[in-house]
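The primary structure of each chain is shown beneath.
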Amino acid sequence: MTRPTPIDCEQCHTEQMFVMRMKVNVTSQPQDKEDLLAGKLNTFVCPKCRFTKMYDFPLFYEDRKRRLMILVVPPPTEVIHKYPPPGVVKTTQLRMVSSRNELIEKILIRDAKLDDRVVEFMKVQVRFASLSRSIPVDGHLMFSGVVKNDDDEDVVQFQDVTGASDDTFLSLPLPYYRKFAKALKPFIAQILTPDTLWLRVDHDYGQQLDRLVDKAIEKEEEVEKPRRKKRRR
Ligand SMILES: [Zn+2]
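## Side note on the overall build of the protein
Then, number 1: Scanning the protein from N- to C-terminus turns up five helices and 11 strands.
Then, number 2: In the protein, buried positions account for 21% of the 233 residues.
Then, number 3: Within the protein, contacts between residues at least 6 apart in sequence are counted, and of these 52% link residues at least 24 apart.

Below, the structure written as structure tokens:
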């Protein structure tokens, strides 16, 4: 699926041949991962005028070693009847994303050995924390890595990717991640349905998890109240 396609350069209007990649298997071709992370994959560079443009094509990303498969389906979302090879559904993380940036984020989360479902929940918490400090996050929050903060502690770092202002970094301590990961297990199981093969783990997913947790806390408080009254008697 690496057929050269003629495209018109937007700047100098010369027809150039461009190789679009629709499938990437980083197990057999690790260089593809490097190219993707460096922004070189599916990036057109005009040989005549050096005009550069990144293209988001439907892409199938496969990393057998890390047991990760991701479908990139840029909007408008078309129904793609693409099924994973039999036998991998239980052992491989299957994800669907809409853009190259989301794909890269998923790869980085997996490389950091984190669970993207917990990471999306953390983003919701980071937004709440920012809001309570009256500095709301305007843009998309993207995972940017596990890094050391000024106190030499490991933190999960997010980048507020806004078109308007400068990019801002926000973070939560790594131990929070571990606490969340443990506490969220039953809730994650509630969201996952057997027919959801290519799961979209995005902002909506994080909010869904957050609502489930809120409900559970409310229920617990209702049970707590009468118990406290009893003790007082
Ligand atoms: Zn050109």
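## Focus: the packing of helix H3 (residues 116-132) against helix H4 (residues 174-191)
Then, number 1: For the pair H3 and H4, the least separation of the axes is 10 Å and the interaxial angle reads 110°. Taken together, the axis directions place H3 and H4 in an arrangement best described as roughly perpendicular. Residue-level contacts link Arg117, Val118, Phe121 and Met122 of H3 to Tyr177, Phe180, Ala181, Leu184 and Ile188 of H4.
Then, number 2: Of the residues that constitute the contact of H3 with H4, the class distribution is eight nonpolar, no polar and one charged.

## A word on the pairing of strand S7 (residues 68-72)
Then, number 1: With respect to burial, S7 is a largely interior element, five of its five residues being buried.
Then, number 2: Covered by surrounding structure in S7 are Leu68, Ile70 and Val72 together with Met69 and Leu71, the residues of both alternating faces.
Then, number 3: The pairing of strand S6 (residues 59-63) with S7 spans five bridges and is antiparallel. Across the sheet, the residue bridging to Tyr61 is Ile70, located in S7.
Then, number 4: Remark: four residues form the turn of the hairpin made by S6 and S7, two consecutive strands paired antiparallel; Arg67 in that turn has positive phi of roughly 50°.

## What to know about the sheet that holds strand S3 (residues 23-25)
Then, number 1: Taking strand neighbours across the sheet as the criterion, the four strands line up as S3-S6-S7-S8 in an open arrangement whose pairing is mixed. Each edge of the open sheet carries a strand with a single partner, namely S3 and strand S8 (93-97). Taken pair by pair, the neighbouring strands of this sheet meet at an average axis angle of 10°, ignoring direction.
Then, number 2: Bridging between S7 and S8 involves five bridges; their strand directions are parallel.

## Notes on the sheet that holds strand S10 (residues 154-161)
Then, number 1: Strand order in the open sheet made by the three strands is S9-S10-S11, with antiparallel pairing throughout. Two strands bound the open sheet, and with one partner strand each, they are strand S9 (140-148) and strand S11 (168-173). Neighbour-to-neighbour, the strand axes of the sheet open up by a mean angle of 30°, direction not taken into account.
Then, number 2: With six bridges connecting them, S10 and S11 associate as antiparallel partners. Note on S11: the bridge partner recorded for Phe158 is Leu170.

## Details of the pairing of strand S1 (residues 4-8)
Then, number 1: In terms of burial, S1 is a largely surface element, zero of the five residues being buried.
Then, number 2: As consecutive antiparallel partners, S1 and strand S2 (residues 15-19) are separated by six residues, and within that stretch His13 has a phi angle of approximately 55°, a positive value.

## Considerations on the nonpolar core
Then, number 1: Judged by nonpolar contacts, the single largest core of 16 residues is most densely connected at Val118, Val119, Phe121, Met122, Tyr177 and Phe180.
Then, number 2: Looking at this core, the elements that each hand over two or more residues are H3, S9, S10 and H4.
Then, number 3: Those residues in contact with Met122, other than ones at most four positions away along the chain, are Val156, Leu172, Tyr177 and Phe180.

## Some remarks on helix H2 (residues 100-111)
Then, number 1: Taking 1.5 Å of rise per residue, 12 residues should cover 16 Å, and H2 covers 16 Å from first to last C-alpha, within 8% of that figure.
Then, number 2: When we look at burial in H2, the residues that qualify are Arg100, Glu102, Leu103, Glu105, Lys106 and Ile109.
Then, number 3: Residues of H2 that are buried in the fold lie against strand S5 (52-54), S6, S7, S8, H3 and S9.
Then, number 4: Phi turns positive, to about 60°, at Lys113, one or two residues after H2.

Thresholds, definitions, all that
- Residues numbered from 1 in each chain as written.
- Predicted model: local features only at pLDDT ≥ 70, side-chain atom pairs only at ≥ 80, totals over all residues.
- Helix = DSSP H or I, 4+ residues; strand = E, 2+ residues; numbered from the N terminus.
- Buried ≥ 20, exposed ≤ 12 C-beta atoms within 10 Å, placed from the backbone.
- Contact = placed C-beta atoms within 7 Å.
- Axes fitted to C-alpha atoms, helices over the stretch in contact; angles between N-to-C directions.
- Parallel < 35°, antiparallel > 145°, perpendicular 65-115°, else oblique.
- Nonpolar A, V, L, I, M, F, W, Y, C, P; charged D, E, K, R; others polar.
- Pairing = 2+ DSSP bridges.
- Core = buried A, V, L, I, M, F, W, Y, C linked by C-beta atoms within 7 Å.
- Expected span 1.5 Å × (residues − 1).

By themselves, these are just geometric observations and shouldn't be taken as functional.
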